[in-house]
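# Structure assessment
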Amino acid sequence: MTHAIVDRKIRFALVGCGRISKNHIQSIREHAADAELVAVCDIDPEALEAAVRETGAKGYADIDDLLAETNADIVILTSPSGVHPGHAVKCAHAGFHVLTEKPMATKWEDGLRMVRECDEAGVHLFVVKQNRRNATLQMLKRAVEQKRFGRIYMVTLNVFWQRPQVGYYDQAAWRGTWEMDGGAFMNQASHYVDLLEWLIGPIESLHAYTGTLARDIETEDTGVLTCKWRSGAMGSLNVTMLTYPKNFEGSITILGEKGTVRVGGVAVNEIQHWDFAEKRPEDENVRSASYETTSVYGFGHPLYYRNVIDVMRGKAVPEVDGREGLKSLEVLIAAYRSARDGSRVNLPLEL
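What counts as what
- Residues numbered from 1 in each chain as written.
- Predicted model: local features only at pLDDT ≥ 70, side-chain atom pairs only at ≥ 80, totals over all residues.
- Heavy atoms only, no water.
- Buried < 20%, exposed > 50% of the residue type's maximum accessible area, 1.4 Å probe, protein only.
- Helix = DSSP H or I, 4+ residues; strand = E, 2+ residues; numbered from the N terminus.
- Contact = heavy atoms within 4.5 Å.
- Expected span 1.5 Å × (residues − 1).
- Patch = residues over 30% accessible without salt bridge, like charges linked within 9 Å, V, L, I, M, F, W, Y side chains within 5 Å.
- Areas by Shrake-Rupley, 256 points an atom, 1.4 Å probe, with all protein chains shown as cover.
- Salt bridge = Lys/Arg side-chain N within 4 Å of Asp/Glu carboxyl O.
- Pairing = 2+ DSSP bridges.
- Axes fitted to C-alpha atoms, helices over the stretch in contact; angles between N-to-C directions.

Residue pairs spaced three or four apart in an α-helix point in one direction, given the helix's 3.6 residues per turn. Within the span of helix H1 (residues 21-30), buried status applies to Ser21, Asn23, His24, Ile25, Ser27 and Ile28. In the core, the buried residues of H1 are packed alongside strand S1 (10-15), strand S2 (35-41), helix H2 (45-55), strand S4 (74-77), strand S5 (97-100) and helix H10 (300-312).

Structural data, given as structure tokens:
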């Protein structure tokens, strides 16, 4: 049981000052009454200097130096995915709580190790799944929990985005590698993989095809995953980073016995169809739940941080802890094994 922090701000340290770090810096800023960023760390001197300049936090070029000196409570990992496990274990051993970006790891064994080491050290392991907090998906989650669909028959998710070679993959050597990044499923579509179990429930089995059709990377730029849930529902997740000329669609469609819903837009930000046999007063909120977005990240990071802060205050339980994070990692690893071996993979991976 960790000690609740009630008499001061929750202190955060940030490791990795790249693209996604700005969402975390802004989220802490929005919770300034409860949270502060006290340290930033990056091995790239330019990225580190920019982060220090923007935040006023103390800068470190090495995570070991940060852990030895900082008075932070939680270390945020926005470093390349492949180093999350090693960083998380170091933080846990040094007594810090861990908040890691998705995917929590690129290997199944590493994800299990992160949960185990944080358990043994008695620290929290938070895994960022900010899309769950978007208003559109919150409405959809409630409808599923209230069993408004009746029996769910079919579920389809599409992630039709654009990630160019120049301007994205070539920006950093780790991008598109198996060890550090993972492919279109693991990196770009991981929040959509998360929806498969979070919304619909445990998966019984899946089959995947992946291909590297146009990008000069190790991992896939395109893939199709089909799955059958234990409930009997069937569905697919279709992913490509090759959409011309820009991000086109991030959507989920659920077809059930008593309801049909499609949440689309570029990043599940528009409720485009909402039809149930039984009408409810909250159906009036469908239009207001949709929002404009220029970013595939949505607006969930500050809402995610609210839960983290409340957990540290002793007022809440984690919405997405390490074990919850493992659920989507398990589906990802199963998909890659299926694509590699040309076979159906049954879940869970381990009993």
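Turning our eyes to something else, we now look at H10. The terminal C-alpha atoms of H10 lie 19 Å apart, and with 13 residues this matches the ideal 18 Å at 1.5 Å per residue to within 8%. Within H10, eleven of the 13 residues are buried, leaving the element largely enclosed by the surrounding structure. Here H10 has its buried residues at Gly300, His301, Pro302, Tyr304, Tyr305, Asn307, Val308, Ile309, Asp310, Val311 and Met312. Looking at the packing, one finds that the buried side of H10 touches S1, H1, S2, S4, S5 and strand S6 (125-127). Backbone geometry just downstream of H10 places Gly314 in the positive-phi region, at approximately 80°.

A cluster of nonpolar side chains, namely Tyr153, Met154, Met234 and Leu255, defines an oily patch on the protein surface of about 370 Å² accessible area. Relative to the helices and strands, Met154 resides in strand S7 (residues 152-160). Since its relative accessible area comes to 40%, Met154 is described here as partly exposed.

Further remarks concern the sheet that holds strand S3 (residues 58-60). Strands sit in the order S3-S2-S1-S4-S5-S6 across an open sheet of six strands; the sheet is parallel. Edge positions in the open sheet fall to S3 and S6, since each of these has one partner strand only. For this sheet, the mean angle separating the axes of adjacent strands, direction not counted, is 25°. When S1 meets S2, the two strands line up parallel, connected through six bridges. Within S2, the position partnered with Ile10 by the bridge is Ala35. Across the sheet, H10 lies against S1, S2, S4, S5 and S6, angled at about 165° from S6, the strand it touches most.

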